[in-house]
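Here's the letter readout for the chains.
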Amino acid sequence: MQEIRTKWNKRYADVHVPNQVINVLKLNQHLLPAQGKSLDLACGLGGNALRMAELGFSSHAWDISDFAVAKIQEFSQERQLSLSVRQSDISLESEQKIMMQEGFDIIIISRFLLRDIIPSVISALKPGGLIFYQTFVEVNVETVESSQSSHYRLQPNELLNLFSSLTLRYYREEGLQGDINQGFRNEAMLVAQKN
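My aim in this report is to walk through the structure given alongside it, one point at a time. Computed from a prediction, not measured in an experiment: that's the story for all the values here. (Residues numbered from 1 in each chain as written. Predicted model: local features only at pLDDT ≥ 70, side-chain atom pairs only at ≥ 80, totals over all residues. Heavy atoms only, no water.)

Side note on unusual backbone geometry
And then number 1: At Arg111, a position not held by glycine, the phi torsion is positive, near 50°.
And then number 2: Within the fold, Arg111 resides in the loop between strand E4 (104-110) and helix H6 (118-124).
And then number 3: Positive phi, close to 65°, is recorded for Asn157, a residue that is not glycine.
And then number 4: Classification of Asn157 as partly exposed rests on a relative accessible area of 40%. (Helix = DSSP H or I, 4+ residues; strand = E, 2+ residues; numbered from the N terminus. Buried < 20%, exposed > 50% of the residue type's maximum accessible area, 1.4 Å probe, protein only.)

A word on the packing of aromatic side chains
And then number 1: All chains considered together, the criterion is met by two aromatic pairs.
And then number 2: The interplanar angle of 85° and the centroid separation of 6.1 Å between the aromatic rings of Trp62 and Phe104 together place this pair among those described as edge-to-face. With a gap of 42 residues between them, Trp62 in strand E2 (residues 58-63) and Phe104 in strand E4 connect regions that are remote in the sequence.
And then number 3: On the basis of relative accessibility, which here comes to 2%, the residue Trp62 falls in the buried class.
And then number 4: Judged by relative accessible area, Phe104 falls into the buried class, the value being 0%.
And then number 5: Its end group placed over the ring of Phe104, Lys37 keeps NZ or CZ at 4.9 Å from the ring centre.
And then number 6: Seen from the ring of Trp62, Arg86 lies directly overhead, with NZ or CZ sitting 5.3 Å from the centre. (Phe/Tyr/Trp six-rings, centres within 6.5 Å; stacked < 30°, edge-to-face > 60°. Lys NZ or Arg CZ within 6 Å of the ring centre and 35° of its normal.)

Structural notes on the nonpolar core
And then number 1: Judged by nonpolar contacts, the single largest core of 25 residues is most densely connected at Leu41, Met99, Ile107, Val121, Ile131, Tyr133 and Phe163.
And then number 2: Elements with a contribution of two residues or more to this core: strand E1 (37-41), E4, H6, strand E5 (125-136) and strand E7 (187-193).
And then number 3: A total of four residues in this core trace back to one element, the largest contributor, which is H6. (Core = buried A, V, L, I, M, F, W, Y, C linked by side-chain atoms within 4.5 Å.)

Some points on the sheet that holds E4
And then number 1: Pairing is mixed across the open sheet formed by seven strands, whose spatial order is E3-E2-E1-E4-E5-E7-E6. A strand with exactly one partner marks an edge of an open sheet, and here the two such strands are strand E3 (83-87) and strand E6 (167-172). When strand polarity is set aside, the average angle formed by the axes of neighbouring strands in this sheet is 15°.
And then number 2: Both E6 and E7 contribute to a ladder of five bridges, which runs antiparallel. Looking at the pairing, Arg172 lines up with Met189 of E7.
And then number 3: Helix H3 (residues 47-54) contacts E1, E2, E3 and E4 of the sheet and is inclined by roughly 170° relative to E2. (Pairing = 2+ DSSP bridges. Axes fitted to C-alpha atoms, helices over the stretch in contact; angles between N-to-C directions. Contact = heavy atoms within 4.5 Å.)

Here's the deal with the environment of Ile118
And then number 1: Structurally, Ile118 is set in helix H6.
And then number 2: Given a relative accessible area of 3%, Ile118 falls into the buried group.
And then number 3: Every residue in contact with Ile118, bar those within four places of it in the chain, is listed here: Tyr133, Leu162 and Phe163.

Concerning the side chain of Asp105
And then number 1: As for its position among the elements, Asp105 is in strand E4.
And then number 2: Here the side chain of Asp105 touches Lys37 through a polar contact of 2.8 Å, landing on its backbone nitrogen.
And then number 3: Residues in contact with Asp105, not counting those within four places in the same chain, are Gly36, Lys37, Leu125, Lys126, Gly129 and Leu130. (Polar contact = N/O pair within 3.5 Å; in protein donor to acceptor, adjacent residues only side chain to side chain.)

So, the environment of Ile108
And then number 1: Counting through the fold element by element, Ile108 comes out in strand E4.
And then number 2: Sequence separation between Ile108 and Ser38 is 70 residues, and the spatial gap between their C-alpha atoms is 7.7 Å.
And then number 3: Look past the residues within four positions of Ile108 in its chain and what remains in contact with it is Ile22, Leu25, Leu39, Asp40, Leu41, Asn48, Met52 and Phe132.

Remarks on the pattern of salt bridges
And then number 1: If you walk through the whole model with that rule in mind, you get eight salt bridges.
And then number 2: With a shortest N-O distance of 2.9 Å, Glu187 and Arg111 are connected by a salt bridge. Taken together, the residues span a long stretch of sequence, with Glu187 in strand E7 and Arg111 in the loop between E4 and H6 at a distance of 76 residues.
And then number 3: Under the relative-accessibility criterion, Glu187 is labelled buried at 8%. (Salt bridge = Lys/Arg side-chain N within 4 Å of Asp/Glu carboxyl O.)

Below you can see the structure in the form of structure tokens.
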């Protein structure tokens, strides 16, 4: 996994602002409980984690990139926000166990797809907990034949299937239907709740 860490460290080396809050969280912020413990998993530069800290949540940000982790700490200090940051390779079973032991009321995953960890993500949600998930789809308006492996992109309705054991609260995936110059394209969004 050193290769993946190196890739993301290079990508984040010259970026000096947090990534933007994902649409699924912006559009559905009203579904959040009044308080709780949140995890921005594979958080990149922590935009979602920072938003959760601003909203008063016990906010946690985990990423494989130690550069990202250091920058998120800086961003949170600049904003005088309390935020717990962890360098984590979530593909490792030991890290998944830590996530499940910690337990979270909210888990946010943005533009990251590792299908094997979905059962651990669901297990890490506390009863009544919410998952906010947004990532890329295979069939998109930019190119019908994706240049990236489908391993990193969702098939139609796959996100629904991955979280079928949870109660659906919000879902959006427009594909190539209708006027492709409008709407929300190229990604799927889901909010689901653990019973």
